[in-house]
Amino acid sequence: MSELDKINKNFVEKLNKIKTKEDLQNLKSEFLGKNGFVTNEFKKMSQFNLDQKKEFSIQLNEIKNSINENLSNKLKEIEKDEINKKLSDEKIDITLPIRSQQEGKIHPVSQVIDEISSIFSEIGYSVAEGPDVETEHNNFTALNTPEDHPARDMHDTFYLEKNKRILLRTHTSPVQIRTMQKGKPPFKIIAPGRTYRCDSDQTHAPMFHQLEGLHVDKEITMAHLKGCLNYFIQEFFEIKNIKMRFRPSHFPFTEPSAEVDIGYRIENDKIFIGDGDKWLEILGCGMVHPNVLKNSNIDANKYQGFAFGMGIDRLAMLKYGINDLRSFLKLISDG
Amino acid sequence: MILTLSWLKKHLKTPANLNKIIDKLTNIGLEVENIKNVNNASELFKIAKVVKVEKHPNADKLKICDVLVSKDEIKKVVCGADNVRPDLYTVHASPGAIIPKSKLKLKIAKIRGVESFGMLCSESELNISNESAGIIDLKKNSNDVGKSFFRDKDEKIVEISVTPNRPDCLGIRGIARDLSAAGLGSLIDIKKISFKQKKPQNIKVSISKDRGQGCLSFGSCLIKNIKNTESPKWLKDKIISLGLKPISAIVDITNYVMFDLNRPLHAYDADKIDNEIIVRNSRKNETFDALDEKKYNLEGGMCVITDRSGVLGLGGVIGGKRSGTELETKNIFLESAYFLPSSVRKTSKALNIDTDAKFRFERGIDPNSIEEGLKVATDLILNICGGEASKFQITGKKNFNKKKIELSLNKFKKTIGFSITANETKKILLALGFKIKTKKSSLTLEIPSWRPDINQEIDIIEELIRIKGFDKIETIAPNKIRERETLTFPQRLFHLSQRAISNQGYLEAITWSFTDKKIDTLFNPGEKPLTILNPISTDLDVLRRSIFSNLIYYLKKNQDRGYQDISIFEIGPTFYGKNPGEQEIVIGGLRSGKFNKKSWSEKTRGVDVFDVKADVLQCLKELGLNEKQFNVNADSKNYYHPGRSGSVVKENKTLAFFGEIHPTIISKMDLKEKNIYGFEIYLNNIPLQEKKLRLLKGNFKVSDFQKSERDFAFILNKDYKVGNLKNLIRDVNPSVIKFVSIFDVFEGENLPDGKKSVAINVTIQSDEKTLSDNDLNQICKSIIKIVQQKTGGSIRS
């Protein structure tokens, strides 16, 4: 074995034992420093003739490069180990909860109003509004419900004036009248809003939300009404081919009038919507009564259309399995 | 309205079973609401025979009876009735039976030490009559023992919800007619009735010509020498199935005819009528003792049936006590009249009386049914009670004209969307009782007098599709075309602010629009509350004038449940007047307790005014307003803490208030956690933007050049509003001063009295070049100069 091979072997043996950057630096000095083994070999160069010099310098440089490369690799290795060690020391319990923050929420009724609005927006309806305080005329008379009509008994009305001319609207239907009186046909609107009736028990709250729909144009028939509501119900409950039926009913402001039921069944005390042999009433609708069009200055010979109204709170309860909406007034819950 | 299959079959010849009928009823608009049994577990009530009666050893008034409850089964039953005797046939209720009157379930029980197997029943206990003196005395024989006492034990009672437009279906016959039109059988003609009517009705009847006379026609019959009695069983069963109590043959017959033919009648004891009948308007302060045992003070102008001594009855509403029939009544004056719906409605509303007759008259009775009603009822009375009937007398209008409507044959398709043939149209309408004259492209229809709801062509269309079936209507899918925007700008503001505030960590509440006057006044002192005339309760008696009125109440409710750290908001109307439209949309929020929960990583801190200020500013930002467009100042409302509240103003309009809720309110409301802050944003004051929302925000620009930051510290007067500094500094050179933040404010230490130190960080960046040191120094000099000028303060060191 030549002197150079010995040096190399010696280096490799020592390198393998090195653990720290400091030792590595010392090793570098030992071989490549001023009096290092390799440097000292260079000093021997003067003893050789030209050919030997050439030969020797090639070998020597090879060894020097190899040592340098090994040192640099070892340095990277040591640095990597050091980082890994540092990171493993820095480990924390990632399952700890995040910093606390108050979590906001939209009320399910608001949520459902948005859902319904976007479904009807898709088929071209705009959102209309009307005031909560209404005239007796807009709430009843213009809607073909004259003063001595027994249908008025079905609406227990809150009054604000002794003469009963000013009241809290009992339904969102007066928005139909306001919309038609201030605009020109065609009309295609929905009107969600607060409505009021002065009976209150487990199933009736004195305030609830309704959504009114109105589509008046020249050739709108009951088939369009059925199509519109069928589309809405499928989209809202996210059930294709949901079981639905139209059942004749009576509202003074529509003729013919219908109530719409959807099929459901109960399994293990849970309600399943969409099929089954039970029926659940979810909304009322019909063709706008010619008297209502006339009362809104619309030519009933030229224009016709349909209207519908639904209870939003009930739809929210059905869709999200809520038993009593009043529980939402107890807002905070644990967990 | 109530229906039984056996009763229906009196009018409808049909092979259909009850289920088929129930389905059809719902499909033609007579919604079946409920189906129930006449008497639950009625087989537990049996005809029994008392065999032996012994004295109870431990009680003087009680007896121990051996009762034959079936052919060969004798049971011991303890009974207290005086009339119990051997060989008495009566009704025995077995253990398990529920007594109709008390609704109690019978058990085998020891009565004073002797075991009794069930009980023997009185009529009162079975809700058959008020007779409670003794147990029922049945005229039966031993073959009947063990049979169920309630006949038709499988008879189901069908409850139908009849819409107010269909008074004709408040009688079984009307329902039968609809079913026959819908193809479920044929309507049976009312059998021809004839009886002797020799003498004229000799009680004088007159209808006064008062203004607004509510009675148009008054039919009467005098029936003499009757023997009023208990009704026969078939009639009692019918009355019981209606949920009514049998009273006497006369009363039961009038009720029966009312439910059978929808023809209300009234029977007077003829001997109690003072000379003559006068139908007139009531006079103010006339009084009247009604059959419901109440005394009514009448207003003027109500339609009353009177005699010379005063009021006998309220026309179409209720009869009076003075002329009521009793079992001893010998002579009957029978009334069958037509009262106007508006008159009946007015009277019953004013006096708050609800009766079956009123319910029918106010919806509209067939005016042409006066004579038929008299005929059917008189015939029944003669058969059950005997006596002699007078001729019928009709006072007032004798004939009511029938309405005529022209039906264009293409109207159905135009409205419903598919065609129906002329033949089918005619078939349906004929079955419903219309008379038809056929023309080339239309039908002239004569409307049956029992259908007050049919007034125009569209009402005929409704009849046709109702009978034809709503399931035949096609379903045309809607077009997915949108020609107008879904939401208007204010509607969009509503949604954006709702979401912005929810994102700030608030839970949305939806509370009622009315509230407690006491709470509402805390937020609106000195102003007149908006009272509701008929509130559901005294603590919900006014329209809310503040979004806080209910919100603080529910904050308290939640605090009372043990939650202190709460953030809730509501968006909705508040009212400033009682006229339609005197309302505005407000979004308001309340935060109480700590801002954050206890956590492993941070300390908790209480909510403070800068939290609600941040909520307001963030919300306004989402609504398209940046801080340059409004001012924040210390003015606020008196329900906020005067030193820790403020408002956001733009061009003299208040966009929002925020601050700590006034401690007086917190103590008046007795809130447990007293650290409460709130805000209100008035959406109606947000300037209406003609532009699209996306255009409201400035163009999105990013500068490619180096930014620089510089810190300044100024000594300012203590009461200087630091909020102004931001805009002041920005305005020095808006194109390069991108951001101003205030990072330290303090007083005292080595500062002079009445002064404070404010430290500011300014971010400077040009969109065009990298600013040189010289540029930056120039800008900083300008900032210092302007701040010193405008605030009277000085730069520190």
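Quick caveat: nothing in here was measured; it's all calculated off a predicted structure.

A. Expanded view of the overall build of chain B. Tallying secondary structure elements over chain B gives 19 helices and 41 strands in all. Scaling as 2.2 N^0.38, a compact globule of 797 residues should have a C-alpha radius of gyration of about 28 Å, whereas chain B reaches 41 Å, well beyond that. Principal axes of the C-alpha set define a box for chain B whose edges measure 125 × 90 × 55 Å. Here chain B holds 797 residues, and 52% of them are scored as buried. Relative to all contacts within chain B whose residues are 6 or more apart in sequence, the contacts with residues 24 or more apart total 69%. About 38300 Å² of surface is accessible on chain B, with carbon and sulfur atoms providing 48% of the total. The distance from the centre of the 131 positive side-chain charges to the centre of the 99 negative ones in chain B is 3 Å.

B. Looking closely at the overall build of chain A. The secondary structure content of chain A amounts to 10 helices and 10 strands. Relative to the compact-globule value of 20 Å for 335 residues, chain A shows a C-alpha radius of gyration of 43 Å, a clear excess of over 25%. Across the 335 residues that make up chain A, the buried fraction comes to 50%. When contacts within chain A are restricted to residue pairs at least 6 apart in sequence, those whose partners lie at least 24 apart make up 65%. Carbon and sulfur atoms form 49% of the exposed surface of chain A, whose accessible area is close to 17100 Å².

C. Local environment of the sheet that holds strand 16 (residues 276–281) of chain B. Taking strand neighbours across the sheet as the criterion, the 5 strands line up as 13-16-19-20-21 (chain B) in an open arrangement whose pairing is mixed. The open sheet terminates on both sides in strands that have one partner only, identified here as strand 13 (204–207) and strand 21 (318–319) of chain B.

D. Focus on helix 11 (residues 457–468) of chain B. Residues and elements named next belong to chain B. With 12 residues, helix 11 extends 17 Å between its outermost C-alpha atoms, agreeing within 8% with the 16 Å of an ideal straight helix rising 1.5 Å per residue. Judged by how many residues are buried, helix 11 sits mostly within the fold: 10 of 12 residues are covered. Buried within helix 11 we find Ile-458, Asp-459, Ile-460, Ile-461, Glu-462, Glu-463, Leu-464, Ile-465, Arg-466 and Ile-467. The positive-phi residue at the C-terminal boundary of helix 11 is Gly-469, with phi of around 115°.

E. Representation of the interface of chain B and chain A within the structure. At the interface, 88 residues of chain B touch 90 residues of chain A. The largest contributions to the chain B side of the interface with chain A come from Arg345(B), Phe470(B) and Ile510(B), which together make up 9% of the buried area. At the junction of chain B with chain A, the criterion picks out 3 salt bridges. Taken together, chain B and chain A are joined by 31 residue pairs in polar contact (both at pLDDT 80 or more). When residues in the side of chain B that touches chain A are grouped by element, the largest group, 8 residues, is from strand 32 (residues 566–575) of chain B. Its residues placed into classes, the side of chain B that touches chain A shows 33 nonpolar, 28 polar and 27 charged.

F. Spotlight on the confidence of the model for chain A. When pLDDT is averaged along chain A, the result is 88, and 93% of the positions lie at 70 or above. Per-element averaging of pLDDT across chain A places helix 3 (residues 37–43) of chain A at the bottom with 82 and strand 10 (residues 304–311) of chain A at the top with 97.

G. Quick look at the sheet that holds strand 39 (residues 737–747) of chain B. All names here are of chain B. In space, the 4 strands of this open sheet follow the order 39-40-38-41, with antiparallel pairing throughout. This sheet does not close on itself; its edge strands, each paired only once, are strand 39 and strand 41 (794–795). Against the sheet, helix 18 (residues 723–730) engages strand 38 (708–717), strand 39 and strand 40 (755–764), with an angle of about 145° to strand 39.

H. Structural view of helix 1 (residues 3–17) of chain A. All names here are of chain A. With 15 residues, helix 1 extends 22 Å between its outermost C-alpha atoms, agreeing within 8% with the 21 Å of an ideal straight helix rising 1.5 Å per residue. Here helix 1 has its buried residues at Leu-4, Ile-7, Phe-11 and Leu-15. Around the axis of helix 1, the buried residues are gathered within 65° of arc, so they sit on the same side. Turned more than 90 degrees off the buried face of helix 1, the exposed positions are Asn-16 and Lys-17.

I. How the structure looks around the pairing of strand 38 of chain B. Residues and elements named next belong to chain B. Two strands pair when backbone bridges link them, and strand 38 and strand 40 are joined in this way by 10 bridges, in the antiparallel orientation. Paired with Arg-710 across the bridge in strand 40 is Val-762. Of the strand pairs in this sheet, strand 38 and strand 41 are connected by 2 bridges, and their pairing is antiparallel. Paired with Phe-714 across the bridge in strand 41 is Ile-795.

J. Molecular detail of the packing of aromatic side chains. Residue and element names in this part refer to chain B. Scanning all chains against the criterion turns up 32 aromatic pairs over all chains. Centre to centre, the rings of Phe-412 and Phe-418 are 5.3 Å apart; their planes meet at 90°, and the pair counts as edge-to-face. Owing to a relative accessible area of 2%, Phe-412 belongs among the buried residues under this scheme. Here the basic side chain of Arg-177 rests over the ring of Trp-450, its NZ or CZ set 3.8 Å away from the ring centre. Directly above the ring of Phe-595 sits Arg-605, whose terminal nitrogen or CZ lies 4.3 Å from the centroid.

K. Examining the pattern of salt bridges more closely. Residues and elements named next belong to chain B. Summed over all chains, the structure comprises 70 salt bridges over all chains. A salt bridge links Asp-560 to Lys-672, with the nearest nitrogen and oxygen atoms 3.3 Å apart. Of the two residues, Asp-560 is situated in helix 14 (residues 548–560) and Lys-672 in the loop between helix 16 (663–668) and strand 37 (676–682); the sequence distance between them amounts to 112 residues. A residue is classified by how much of its surface remains accessible, and Asp-560, at 39% relative accessible area, is partly exposed. In this structure Lys-672 comes out as exposed when scored by relative accessible area, which is 55%. Three or more residues joined by partner-sharing salt bridges are found here, namely Arg-166, Asp-168, Asp-178, Arg-451, Asp-453, Glu-463 and Arg-466.

L. Region of interest: the nonpolar core. In this structure, Phe120(A) and Phe308(A) are the most contacted members of the largest nonpolar core, which totals 168 residues. Counting residues per element, this core draws most heavily on helix 8 (residues 222–237) of chain A, at 10 residues. Not counting the four nearest positions on each side in its chain, Phe120(A) is found in contact with Tyr125(A), Ile190(A), Leu211(A), Cys228(A), Phe232(A), Phe308(A) and Met310(A). The next biggest cluster of nonpolar side chains, apart from the first, holds 27 residues, and it includes Phe569(B), Ile587(B), Leu655(B) and Ile686(B).

M. Focus on the pairing of strand 6 (residues 73–79) of chain B. Residue and element names in this part refer to chain B. Where strand 5 (residues 63–70) lies against strand 6, 7 bridges are found, and the strand directions are antiparallel. Across the sheet, Asp-66 pairs through a bridge with Lys-76, a residue of strand 6. Counting the residues between successive antiparallel strands, the hairpin from strand 5 to strand 6 contains 2 residues.

N. A look at the side chain of Ser126(A). Structurally, the position occupied by Ser126(A) is in strand 1 (residues 126–127). Each residue touching Ser126(A), except ones within four places of it in the same chain, is listed here: Lys188(A), Ile189(A), Ile190(A), Arg484(B), Glu485(B) and Thr486(B).

O. Region of the structure containing the packing of helix 2 (residues 21–32) of chain A against helix 4 (residues 50–89) of chain A. All names here are of chain A. Contact geometry of helix 2 with helix 4 gives a least axis separation of 10 Å together with a crossing angle of 175°. In terms of orientation, helix 2 and helix 4 fall into the roughly antiparallel class. Of helix 4, the residues touching helix 2 (which contributes Lys-21, Leu-24, Leu-27, Lys-28, Phe-31 and Leu-32) are Lys-64, Ile-67, Asn-68, Leu-71, Lys-74, Leu-75, Ile-78, Glu-79 and Glu-82.

P. View of a positive patch on the surface. On the surface, Lys196(B), Lys198(B), Lys199(B) and Lys224(B) cluster together into a patch of positive charge. Looking at the secondary structure, you find Lys199(B) in the loop between strand 12 (186–187) and strand 13.

Calculation criteria
- Residues numbered from 1 in each chain as written.
- Chains lettered and ligands numbered in written order.
- Predicted model: local features only at pLDDT ≥ 70, side-chain atom pairs only at ≥ 80, totals over all residues.
- Heavy atoms only, no water.
- Helix = DSSP H or I, 4+ residues; strand = E, 2+ residues; numbered from the N terminus.
- Rg over C-alpha atoms; globule rule 2.2 N^0.38 Å.
- Buried < 20%, exposed > 50% of the residue type's maximum accessible area, 1.4 Å probe, protein only.
- Contact = heavy atoms within 4.5 Å.
- Areas by Shrake-Rupley, 256 points an atom, 1.4 Å probe, with all protein chains shown as cover.
- Lys, Arg positive; Asp, Glu negative; His and termini not counted.
- Charge placed at Lys NZ, Arg CZ, Asp CG, Glu CD.
- Pairing = 2+ DSSP bridges.
- Expected span 1.5 Å × (residues − 1).
- Buried area = accessible area lost by both parts, 1.4 Å probe.
- Salt bridge = Lys/Arg side-chain N within 4 Å of Asp/Glu carboxyl O.
- Polar contact = N/O pair within 3.5 Å; in protein donor to acceptor, adjacent residues only side chain to side chain.
- Nonpolar A, V, L, I, M, F, W, Y, C, P; charged D, E, K, R; others polar.
- pLDDT = per-residue confidence, 0-100.
- Axes fitted to C-alpha atoms, helices over the stretch in contact; angles between N-to-C directions.
- Arc of directions from axis to C-beta.
- Phe/Tyr/Trp six-rings, centres within 6.5 Å; stacked < 30°, edge-to-face > 60°.
- Lys NZ or Arg CZ within 6 Å of the ring centre and 35° of its normal.
- Core = buried A, V, L, I, M, F, W, Y, C linked by side-chain atoms within 4.5 Å.
- Parallel < 35°, antiparallel > 145°, perpendicular 65-115°, else oblique.
- Patch = residues over 30% accessible without salt bridge, like charges linked within 9 Å, V, L, I, M, F, W, Y side chains within 5 Å.

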